Amino acid sequence: MKTPKGFFTYFHHAELLEMLSDEQAGRLYKALMRYGNTGEESVFDGDSAPGVLFALFKKEIDYNFERYAEICEMRREVGKRGGRPRKLRESE
């Protein structure tokens, strides 16, 4: 299966991220990138705030990847049927 080149991040997450220190936010961001690229889940020993946000954002990444796979499959099926019909030109 083809994998997405990235994942969405939403502005409503900003309020949650502002509650973290810059160091925590950096560790969280790296963990999310690692998870998106490899599926490897990070452990935040002794630091629960980034761990909680990681769990929340992980679910959204999973949803985005599932939705991407559904769209790819839908487009694949449409492509098997020849895709969208060409538009007729006015001169035809």
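*Asks:* Teacher, can you tell me more about the nonpolar core here?
*Replies:* It is characteristic of soluble globular proteins that their nonpolar side chains tend to be buried jointly. With eleven residues, the main nonpolar core is built from Leu20, Leu28, Ala31, Leu32, Tyr35, Phe44, Leu53, Phe54, Phe57, Ile61 and Phe65. Broken down by secondary-structure element, the contributors of at least two residues to this core are helix H2 (22-38) and helix H3 (48-80). The element contributing the most residues to this core is H3, with five residues. Excluding residues that lie within four positions of it along the chain, Phe65 makes contacts with Pro4, Gly6, Phe7 and Gly36.

*Asks:* When you look at the environment of Gln24 in this model, what are you seeing that I'm missing?
*Replies:* Summarising the element assignment, Gln24 is placed in helix H2. Exposure remark for Gln24: the relative accessible area of 16% places this residue in the buried category. With 25 residues separating them in the primary sequence, Gln24 and Ala49 have C-alpha atoms 8.1 Å apart. Ignoring sequence-local partners within four residues, the contact set of Gln24 consists of Asp47, Ala49 and Pro50. One polar contact links the side chain of Gln24 to the main-chain amide nitrogen of Ser21, over a distance of 2.9 Å.

How each quantity is defined
- Residues numbered from 1 in each chain as written.
- Predicted model: local features only at pLDDT ≥ 70, side-chain atom pairs only at ≥ 80, totals over all residues.
- Heavy atoms only, no water.
- Core = buried A, V, L, I, M, F, W, Y, C linked by side-chain atoms within 4.5 Å.
- Buried < 20%, exposed > 50% of the residue type's maximum accessible area, 1.4 Å probe, protein only.
- Helix = DSSP H or I, 4+ residues; strand = E, 2+ residues; numbered from the N terminus.
- Contact = heavy atoms within 4.5 Å.
- Polar contact = N/O pair within 3.5 Å; in protein donor to acceptor, adjacent residues only side chain to side chain.

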